[in-house]
Amino acid sequence: MFIGRKKELLLLNQAFMLSSNALVVVYGREGIGKTSLVKKFVQDKEYVYYQARDFSEEEQGQYLNKKKEELLEKAAKGRVCFVIDEFDLMQRAHKSFFDEFGEFLDSLPQGQVLVLLVSSAIQWVENSMIGAMGAFAGKIHSFIKVKEFTFMDMVDRFPDCRTEECIVIYGILGGVPAYLNYWNPKETVRRNLLRIVLEDTGPLHREAQRFLKTSLRELSYYSTILAVLAEDEPKLNYLYNRTHFSRAKISVYIKNLIQIDVAMKIFSYEPEKKNNVQKGLYTISDSFIKFWYKLIYPNLSELSMMEPEDFYHRFICPNLDKVMEHAYIKVCREFMELMNQYHRLPVHFDSFDGLYGKTGYVPLVARGEKGELLVGECLWSDNPMGMSDFEELLRNIDQIGKEADYYYLFSKSGFTTELAAMAKNMDNIQCIDLEQM
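Enquirer: Pulling in residues and values, what's your account of the sheet that holds strand β4 (residues 113–119)?
Expert: As summarised here, the arrangement of the five strands in space is β2-β3-β4-β1-β5, forming an open sheet in which the pairing is parallel. Since the sheet does not close on itself, it has two edges, and those belong to β2 (47–51) and β5 (140–145), each with one partner. Direction aside, the axes of adjacent strands within the sheet are offset by 15 degrees on average. As paired strands, strand β3 (residues 80–85) and β4 are joined by six bridges and run parallel to one another. Each bridged residue has a counterpart across the sheet, and for I84 the counterpart in β4 is L117. Along the sheet, helix α3 (residues 57–75) contacts β2, β3 and β4; its crossing angle with β2, the most-contacted strand, is approximately 170 degrees.

Written as structure tokens, this is what we have:
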């Protein structure tokens, strides 16, 4: 099942229509769907595909030369796409690969070839590739970084699931297509987690640390940082006090985690009262890594000794909602971005951020073109949102220094009669439950 990627396909098709031979770099973490994207793109085109491998220079050259011959035959007849998957492996064993490949491209008929260089080595592409390419880098037309599915992609991926079920899947596995393929929507969350993650034979049982090892050295240090970030204390100072690593070392490790899309720096909405905002905040952005380091990594000893079923009921089930709270906020922000994009809000707003205040947190804040203020609350609870939740939101908004013009309230379990009645009588308060998303 191919889902989404409309923007990426558009960019690839635009490159394919160029009058010159073009080169596009397509990259992203493993399992993110790069090869699926390429398959979709070339399905109605002539193409030659080469999967690079860990070969010696001589062996790699023999395999690649056969593909070059195939390319020459097809390019003589019309436009063709030449794909080299995991092309970074070529350069590792063959230092002069880019120079030689550049000469080969120059020998081809102009306007006949689109070259796609595909790689899972995000850090190498963003930090070292241009230097390794030398003059060959001048041939690059564009870069396409393939990222996780959005929540709307998730809904398309699991069309028979209710919104709540999609949010739970999103909160556990994120938008990594390779992970989502393991999820059976006909099974319960408990059964899926047992089969995929908790049982020794589960395909994601050791995935978190296996994935980190593919991109990072010194896993013990990164695991320490991720375990602390999973405690939902985002301040850099807390991380420093908990790990006792130097601030310089933490900065380097955080930078590397951000580069492979595992962590992110939190940028708070900045009100006029800037002293009310916390600075230096970081969090885990990868949903599965967050789930692993929050609920499983601290309890690995128990996971080794307990039955998976018992582990689930003791450590996962009681704490899963804490993970879902973050996923729900992410989904609500995406919902608001879409509403904004399609002009379904009272005015046009800038990006939807959170206010990380020193005395409270507001998950949704946005400023309009003329200074209008929109705020929102996102409650993931089995209890409906009530007046006390709304009053807490009002107290937290005080840190902004002005009253809100619009309130958007999101609640998994709906709203109390009192809050719903108040919102019905006020045109600037919107109550949105799961069925309306």
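Enquirer: Break down the state of the cysteines for me, with residues and values.
Expert: Applying the stated criterion to the full structure yields zero disulfides. The thiol sulfur of C378 is not disulfide-bonded, and the nearest other cysteine sulfur, from C332, lies at 3.7 Å. Given the relative accessible area of 10%, C378 is considered buried.

Enquirer: I'd like a rundown of the side chain of E377, residues and numbers included.
Expert: Position of E377 among the secondary structure elements: in strand β10 (residues 373–379). Here E377 is buried and forms no salt bridge, its nearest opposite-charge partner R395 lying at an N-O distance of 9.3 Å. When sequence neighbours within four positions are dropped, the list of residues in contact with E377 reads P363, M385, L393, Y408, L409 and F410.

Reading guide: rules and limits
Residues numbered from 1 in each chain as written. Predicted model: local features only at pLDDT ≥ 70, side-chain atom pairs only at ≥ 80, totals over all residues. Heavy atoms only, no water. Pairing = 2+ DSSP bridges. Helix = DSSP H or I, 4+ residues; strand = E, 2+ residues; numbered from the N terminus. Axes fitted to C-alpha atoms, helices over the stretch in contact; angles between N-to-C directions. Contact = heavy atoms within 4.5 Å. Disulfide = S-S within 2.5 Å. Buried < 20%, exposed > 50% of the residue type's maximum accessible area, 1.4 Å probe, protein only. Lys, Arg positive; Asp, Glu negative; His and termini not counted. Salt bridge = Lys/Arg side-chain N within 4 Å of Asp/Glu carboxyl O.

So far we have only geometry, and geometry alone does not tell us how the molecule works.
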